[in-house]
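Commentary on secondary and tertiary structure
Listed below, chain by chain, are the residues.
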Amino acid sequence: HPQTKKCTVLDSGPVTSTIPLISFLEQVQETALNTFGPNNFDPKLYIDFSLKSNLSVTQQAFAKLPRTQNGAVSSDVLRKFIQDYFNGAGDDLIYVKPADFVAEPNGFLPKVKNPEVRAWALQVHALWKNLSREASPDVKKHPELHTLLPIPEPCVIPGSRFREVYYWDSYWVIRGLLASHMHKTATAIVTNLIYFVEKYGYVLNGARAYYTNRSQPPLLSSMIHAIYQRTGDKNLIKKALPALIKEHEFWNSGIHKVTIHDSKGCSHNLSRYYATWNKPRPESSTTDKETASTLSDAADKQKLYREVASTAESGWDFSTRWMRNSSDLTTLTTTTILPVDLNAYILKMELDIAYFAKVTGQNNIAAQFLEASQSREKAFNSIFWNEKMSQWLDCWITCKDDQTWEASHQNQHLFASNFIPLWIKPFDSEKVMKSLASSGMVRPYGIATSLTNSGQQ
Ligand SMILES: OC[C@H]1O[C@H](O[C@H]2O[C@H](CO)[C@@H](O)[C@H](O)[C@H]2O)[C@H](O)[C@@H](O)[C@@H]1O
């Protein structure tokens, strides 16, 4: 709109400072890419190393490595340096057998009768042993040597290159653990996530020092709700409530909060993804620099890095959902999109908090969060709902002034996220179910994230 004030071209958002170890490991990462080449190169491997000696000793040794005229280090020299000065990625996490694991739990999947399927389900159940870890004592004793963050309880990791606990993965981990009757392990996981809220003010993307600039889809209240339904553990709820209220504040204040006016002039408060970072993500630094290499302007690169990190906060990471041009990753514009799923998770958080407060006799809090949920429900109907398509659509926004935004348009492409509100009681609707069923996204083995085969995640 010609009269709309153009938002700042320069990236001026907040940035969380990082530890010196990360900057050093990024140098090692870059050197490794030059030395070993791009084939099978995983930048995250290098940022997950822990140090055998202190940082300055390691830095000095690195600076002294023999280099060719163009600064390259030979493969043999770099391999030896890595062996001498670093512990392997993931070595600072110790395998631990979950205390409540039994090979065949009583009453396990009672409806599954077919012996072959039961045998397979038990094999899947046994995977908990492979995926359970605790931080080595050295992580607590010498945090400056590790990018891994200490957590108070054992955890379950996604596996493979994801060697640490992740926020939203934990939701499905917990659903699985409950099916496996492992309530203690499930409770330990939420204890770790609550610890993050107490320490950082929100749940980190994952338990690494390079994940302290963003969160992930906020499903903590849903995890606690699932556990409570199974165990009736009121102590857990009492302990969790202050953390959940703090997390709610994180998503509804500062950079995450967007006040938007609808077509009738009513204002609504909704939330967006926004990372406090405007550099390449350390765990993907070489990849992000490559993505930004087509941009010549330093300010444009900075803005793109902010969008990249904010997209990682969405948990979807890269998807045409966040791109203006579906074949160009540099057109990511996540921070100017109001996402249906994020706001649905927050609405669920509000309903869960109200419920937990009621269960523990804190009626004022219950009333306050019920009211918040009603306001968000109104915003859903006004900003996200599309009557013609019978689903909710992400809303692209433009900035009106520093405080207020206006809806620019709804993104009419089909995404699985358009249907997330169905998961929450007030939106349970036959009409939307029909539109999901006919969307083309329901496939034999699950729901596709979108209908665009873009090669993105
Ligand atoms: O399963 C763990 C997570 O894996 C993906 O994202 C993570 O990896 C990215 C690159 O290594 C990182 O930048 C991002 O912040 C991490 O969360 C996946 O996209 C996530 O949904 C998933 O939780």
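Reading the values: rules and limits
Residues numbered from 1 in each chain as written. Predicted model: local features only at pLDDT ≥ 70, side-chain atom pairs only at ≥ 80, totals over all residues. Helix = DSSP H or I, 4+ residues; strand = E, 2+ residues; numbered from the N terminus. Rg over C-alpha atoms; globule rule 2.2 N^0.38 Å. Buried ≥ 20, exposed ≤ 12 C-beta atoms within 10 Å, placed from the backbone. pLDDT = per-residue confidence, 0-100. Contact = placed C-beta atoms within 7 Å. Pairing = 2+ DSSP bridges. Near = placed C-beta within 6 Å. Nonpolar A, V, L, I, M, F, W, Y, C, P; charged D, E, K, R; others polar. Domains from an automatic or database assignment. Core = buried A, V, L, I, M, F, W, Y, C linked by C-beta atoms within 7 Å.

1. What about the overall build of the chain?
Secondary structure summary: the chain contains 15 helices and 14 strands in total. Taking 457 residues into account, the globule formula puts the C-alpha radius of gyration at 23 Å, and the chain, at 23 Å, falls close to it. Counting only C-alpha atoms, the chain reaches 65 × 65 × 45 Å along its principal axes. Buried residues in the chain amount to 39% of all 457 residues.

2. Considering the confidence of the model for the chain
Put simply, the chain has an average pLDDT of 95, and 98% of its residues get 70 or more. With pLDDT under 50 throughout, residues 1-8 is counted as low confidence; its partners more than four residues away or in other chains account for six contacts. Here the complex is predicted with pTM 0.95, and the ipTM for its interfaces comes to 0.94.

3. Remarks on the sheet that holds strand E12 (residues 404-410)
Judged by pairing direction, the sheet is mixed, and its five strands sit side by side in the order E7-E6-E12-E11-E8 without closing on themselves. Edge strands, defined here as strands with exactly one partner in the open sheet, are strand E7 (267-271) and strand E8 (337-338). Pairing between strand E6 (residues 257-261) and E7: five bridges, direction antiparallel. Counted as the bridge partner of His261 is Ser267 from E7.

4. Brief notes about the sheet that holds strand E4 (residues 132-135)
With respect to topology, three strands assemble into an open sheet ordered E3-E4-E5, the strand pairing being antiparallel. In this open sheet, the two edge strands, each paired with only one partner strand, are strand E3 (93-95) and strand E5 (155-156). Relative to E5, E4 runs antiparallel, the two sharing two bridges. Looking at E5, one finds that Ser132 is bridged to Val156.

5. A few points about the site of the ligand
In the vicinity of the ligand, 15 residues are found, and the nearest of them are Pro158, Tyr166, Ala312, Gly315 and Asp317. Here the shell around the ligand is built from residues that sort into five nonpolar, five polar and five charged. Taken domain by domain, the makeup of the shell around the ligand includes at least three residues from each of domain 1 (1-16 + 242-457) and domain 3 (93-135 + 147-212).

6. What about the environment of Leu10?
By the secondary structure assignment, Leu10 is in the segment before helix H1 (20-36). Since 10 C-beta atoms lie within 10 Å of it, Leu10 is described here as exposed. Distance in space between the C-alpha atoms of Leu10 and Ser390 is 38 Å, their sequence separation being 380 residues.

7. A few points about the domain arrangement of the chain
Interfaces are frequently sized by the accessible area removed from exposure as the parts join. Domain boundaries in the chain define domain 1 (1-16 + 242-457), domain 2 (20-87) and domain 3 (93-135 + 147-212). The gap between the C-alpha centroids of domain 1 and domain 3 is 27 Å. Elements represented by at least two residues in the side of domain 1 that touches domain 3 include exactly helix H10 (234-251) and helix H12 (298-313). Among the elements that line the side of domain 1 that touches domain 3, the one with the most residues is H10, at four residues. When the residues that make up the side of domain 1 that touches domain 3 are grouped by side-chain class, the tally is four nonpolar, two polar and four charged.

8. Structural notes on the nonpolar core
If you look at the biggest cluster of nonpolar residues, it comprises 98 residues, and the most contacted ones within it are Ile189, Val190, Leu193 and Ala240. The element contributing the most residues to this core is helix H13 (residues 340-359), with 12 residues. When sequence neighbours within four positions are dropped, the list of residues in contact with Ala240 reads Val190, Ile194 and Ile224.

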